[in-house]
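Single-letter residue listing:
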Amino acid sequence: MVHAFVPQHIIDLAEYLKAKEFSDKNYDLQCIDRTIVNRAYLSTYLHAQEWIINNGPYNDIKDYSKKDVGYHTAICIALTALNKKAISKKYADFIKLRVDADYDIITIIDSDDAKKALDLASQIQTALQ
């Protein structure tokens, strides 16, 4: 599958942001931590999508579902169908973290959440080599 950008570059950006020392005097750390979660998730989403298409019988991840679901949920369904149930569970946890970071403006996303996102990305992407 060809993407408009390289998924590895997205996770590299997230890791770069996490490694950099940002001062809360000059930066909104919420924005940085939310960006790390978002970029780590996007990289993992693209990686998982590509792995599913390359290792399964279908050309679209939604074909694993018998109902109308979004692509993010379809990845969990497809991973389970391809005997990757533990990875599907980690991916579902990652979806929740990403939704909180991207859409829940009340939830505080902090450095620990950013680290968790990078850990989940690493675990999922490594398992899908």
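Rules of the game
Residues numbered from 1 in each chain as written. Predicted model: local features only at pLDDT ≥ 70, side-chain atom pairs only at ≥ 80, totals over all residues. Heavy atoms only, no water. Helix = DSSP H or I, 4+ residues; strand = E, 2+ residues; numbered from the N terminus. Buried < 20%, exposed > 50% of the residue type's maximum accessible area, 1.4 Å probe, protein only. Contact = heavy atoms within 4.5 Å. Axes fitted to C-alpha atoms, helices over the stretch in contact; angles between N-to-C directions. Parallel < 35°, antiparallel > 145°, perpendicular 65-115°, else oblique. Left-handed = near helix turned anticlockwise from the far one by under 90°. Nonpolar A, V, L, I, M, F, W, Y, C, P; charged D, E, K, R; others polar. Phe/Tyr/Trp six-rings, centres within 6.5 Å; stacked < 30°, edge-to-face > 60°. Lys NZ or Arg CZ within 6 Å of the ring centre and 35° of its normal.

## Considerations on the overall build of the protein
And then number 1: Along the protein, the regular secondary structure elements total 5 helices and 0 strands.
And then number 2: Secondary structure elements in the protein, listed N-terminal to C-terminal, are α-α-α-α-α.
And then number 3: Taking the principal axes of the C-alpha coordinates as reference, the protein spans close to 50 × 30 × 25 Å.
And then number 4: By the burial criterion, 40% of the 129 residues in the protein qualify as buried.
And then number 5: For the protein, contacts bridging at least 24 residues in sequence account for 67% of all contacts bridging at least 6.

## Quick word on the packing of helix α4 (residues 85–103) against helix α5 (residues 111–127)
And then number 1: Put simply, α4 and α5 touch, their axes get as near as 10 Å, and they point 150° apart. Classified by the angle their axes make, α4 and α5 are roughly antiparallel. The hand of the α4/α5 crossing is left-handed. Residues I87, K90, Y91, F94 and L97 of α4 pack against D113, K116, A117, L120, A121, Q123, I124 and A127 of α5.
And then number 2: The residue makeup of the contact of α4 with α5, split by class, is 9 nonpolar, 1 polar and 3 charged.

## Digging into the packing of aromatic side chains
And then number 1: Across all of its chains, the model carries 5 aromatic pairs by this definition.
And then number 2: Centre to centre, the rings of Y41 and Y45 are 6.4 Å apart; their planes meet at 25°, and the pair counts as stacked. Here the residue Y41 and the residue Y45 both occupy positions in helix α2 (residues 29–55), the gap between them amounting to 4 residues, near one helical turn. Here Y41 matches Y45 in class, with each residue buried.
And then number 3: Here the aromatic residues Y41, Y45, Y91 and F94 are joined through ring pairs into a cluster of three or more.
And then number 4: Over the aromatic face of F22 sits the side chain of K20, whose NZ or CZ is 5.8 Å from the ring centroid.
And then number 5: In this arrangement the basic side chain of K62 is found over the ring face of Y71, its NZ or CZ atom lying 4.7 Å from the centre.

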